[in-house]
Amino acid sequence: MQTIFSITELRKALGAERRAGKRIGFVPTMGNLHDGHIQLIHQSNATADITVASIFVNPLQFGENEDLDAYPRTLQSDSEKLAAADCDYLFAPNIDEMYPNGQVIQTQVEVPVISDLHCGTSRPGHFRGVATVVCKLFGMVQPDVAIFGEKDFQQLMVIRRMTEDLFLPVEVQGSPIARADNGLALSSRNGYLTPEELAIAPTLNRTIRNTISQIKAGRTDYSALQEEAQAVLEEAGFSRDYYNICNRYDLQAAKADDSELVLVAAAYLGKARLIDNMVIDL
Ligand SMILES: Nc1ncnc2c1ncn2[C@@H]1O[C@H](COP(=O)(O)OP(=O)(O)OP(=O)(O)O)[C@@H](O)[C@H]1O
Ligand SMILES: CC(C)(CO)[C@@H](O)C(=O)[O-]
Ligand code: BAL
């Protein structure tokens, strides 16, 4: 695997691959890689000839009081994991490479409506930061296909909308959530949890599954179901963010006669903010 830090060098290397007729797969990440990320690399390897992973902790998508400084930076071990997974290129630009004009005076990409729901409500401006950096990364890497995890369900929808609206020539693929045996969605932020909190964390997924079985059993009083689940999570030691039963296609609050749903949730536990979701087929 070749590690590249500059856009010029990246363009040179990938230009040669493209001219050789290679289909380029791309996996954008913020690093501190776990098996969920490696699954995305495998998916890219299966669909493309060349896989490019990026590692960039993007300040533009972090709020003022969020964990930008604390976010784990583990380039050496990430690079070993990527090489072992047969990734071909690691692109790890620094902040000046990504934002040569600073983070404020530059073009930003806004995907309206959906960006203001759920994670966008608790993290204002977050999806503008995500859409902007992913658009820039697409311009740098010019992939044929890009893979994103379904753990960030709303992020995947924002990126699909952006790609479609801007006619970006990239196929966007989702990849299922990789979980620990106890149901906990793998996440770099699980590393913030103490052993006691790690024992509590699977309650988030267990609660989601419980809500879904009640919906499958016929309950359609979604507001009450959401409130009951929030109470269970608080009792377990979480603090509230959101827990919403939604229409799968626009992420608006589900109506009683909607049949294709998704439950999206986020909750605070100690220093971590955990997210999870599950689709519901009725
Ligand atoms: N458990 C998982 N299963 C599948 N994909 C995942 C999982 N965790 C992360 N991803 C995907 O990996 C890509 C990079 O995500 P990121 O680097 O933010 O990892 P993360 O572990 O989700 O970190 P964080 O805890 O900060 O959200 C995203 O497309 C994300 O959806
Ligand atoms: C897509 C992404 C790499 C953009 O910074 C980030 O939001 C993430 O890791 O999911
Ligand atoms: N996985 C989404 C990146 C973030 O939380 O900022």
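Residues numbered from 1 in each chain as written. Chains lettered and ligands numbered in written order. Predicted model: local features only at pLDDT ≥ 70, side-chain atom pairs only at ≥ 80, totals over all residues. Heavy atoms only, no water.

Looking at an unreviewed UniProt entry, one finds the chain named Pantothenate synthetase and attributed to Amphritea balenae. Per its UniProt entry, the chain bears the Sequence similarities (unreviewed entry) comment "Belongs to the pantothenate synthetase family." Per UniProt, the comment on the chain under Catalytic activity (unreviewed entry) is "(R)-pantoate + beta-alanine + ATP = (R)-pantothenate + AMP + diphosphate + H(+)". (UniProt positions renumbered as here; feature names shortened; annotations may be inferred.)

Concerning the overall build of the chain
The secondary structure content of the chain amounts to ten helices and nine strands. On C-alpha atoms alone, the chain measures out to a radius of gyration of 19 Å, which is about the 19 Å that the 2.2 N^0.38 rule sets for 282 residues. Reported as C-alpha extents along the three principal axes, the dimensions of the chain are approximately 55 × 40 × 40 Å. The buried share of the chain, taken over its 282 residues, is 53%. Restricting to contacts in the chain with at least 6 residues of sequence separation, those with at least 24 account for 71%. Just so you have it, the chain exposes about 13,200 Å², and 51% of that area is on carbon and sulfur atoms. In the chain, the 25 positive side-chain charges and the 37 negative ones have mean positions that sit 3 Å from each other. (Helix = DSSP H or I, 4+ residues; strand = E, 2+ residues; numbered from the N terminus. Rg over C-alpha atoms; globule rule 2.2 N^0.38 Å. Buried < 20%, exposed > 50% of the residue type's maximum accessible area, 1.4 Å probe, protein only. Contact = heavy atoms within 4.5 Å. Areas by Shrake-Rupley, 256 points an atom, 1.4 Å probe, with all protein chains shown as cover. Lys, Arg positive; Asp, Glu negative; His and termini not counted. Charge placed at Lys NZ, Arg CZ, Asp CG, Glu CD.)

A look at the pairing of strand β5 (residues 145-149)
Extensive coverage of β5 is indicated by the burial of five of its five residues. In β5, alternate side chains face the same way, and those of Val-145, Ile-147 and Gly-149 on one face and Ala-146 and Phe-148 on the other are all buried. Relative to β5, strand β2 (residues 24-29) runs parallel, the two sharing two bridges. Considered in β5, the bridge of Phe-26 is made with Ala-146. Direction of pairing for β5 relative to strand β6 (residues 171-175): parallel, over a ladder of five bridges. Considered in β6, the bridge of Phe-148 is made with Gly-174. Assessed by its sense of winding, the connection that carries the chain from β5 through helix α7 (residues 153-165) to β6 is right-handed. (Pairing = 2+ DSSP bridges. Right-handed = clockwise from strand over helix to strand, strands pointing away.)

Describing the site of ligand 3
Around ligand 3, the neighbouring residues are Met-30, Gln-61, Arg-123, His-126, Asp-152, Gln-155 and Arg-189. Between ligand 3 and the protein, one listed contact pairs an oxygen atom with a side-chain N or O atom of Gln-61 at 2.9 Å. In the model, an oxygen atom of ligand 3 is placed 2.9 Å from a nitrogen or oxygen of the Arg-123 side chain. When isolated, ligand 3 has an accessible area of 220 Å², and the protein chains bury 84% of it. Residues that form the shell around ligand 3 fall into these classes: one nonpolar, three polar and three charged. (Near = heavy atom within 4 Å. Polar contact = N/O pair within 3.5 Å; in protein donor to acceptor, adjacent residues only side chain to side chain. Nonpolar A, V, L, I, M, F, W, Y, C, P; charged D, E, K, R; others polar.)

Digging into the packing of aromatic side chains
Overall, the coordinates contain four aromatic pairs when judged by the stated rule. In this structure an aromatic cluster arises from ring pairing among Phe-26, Phe-138 and Phe-148. (Phe/Tyr/Trp six-rings, centres within 6.5 Å; stacked < 30°, edge-to-face > 60°.)

With respect to the pattern of salt bridges
Applying the stated criterion to the full structure yields 14 salt bridges. Among the ionic pairs, Arg-123 bridges to Glu-66, the shortest N-O distance being 2.7 Å. Of this pair, Arg-123 sits in the loop between α5 (119-122) and α6 (126-141) while Glu-66 sits in the loop between β3 (50-55) and α3 (75-84), and the two are 57 residues apart along the sequence. When the shortest N-O distance is used, the salt bridge between Arg-219 and Glu-228 registers 2.9 Å. Overlapping salt bridges, with partners in common, bring together Arg-161, Glu-164 and Asp-165 in one network. (Salt bridge = Lys/Arg side-chain N within 4 Å of Asp/Glu carboxyl O.)

Digging into the pairing of β3
Sheet faces and side chains relate simply in a regular strand, where the side chains alternate between the two faces. Counting buried residues along β3, six of its six residues qualify, which places the element largely inside the surrounding structure. Here β3 shows a buried face lined by Ile-50, Val-52 and Ser-54 and a second buried face lined by Thr-51, Ala-53 and Ile-55. Across six bridges, the pairing between β2 and β3 is parallel. Of the residues in β3, the one forming a bridge with Phe-26 is Val-52. This β-α-β element, β2 to helix α2 (residues 35-47) to β3, shows right-handed connectivity. Pairing analysis gives three bridges linking β3 to strand β4 (residues 89-91), with the strands arranged parallel. If you follow Val-52 over to β4, its bridge partner there is Tyr-89.

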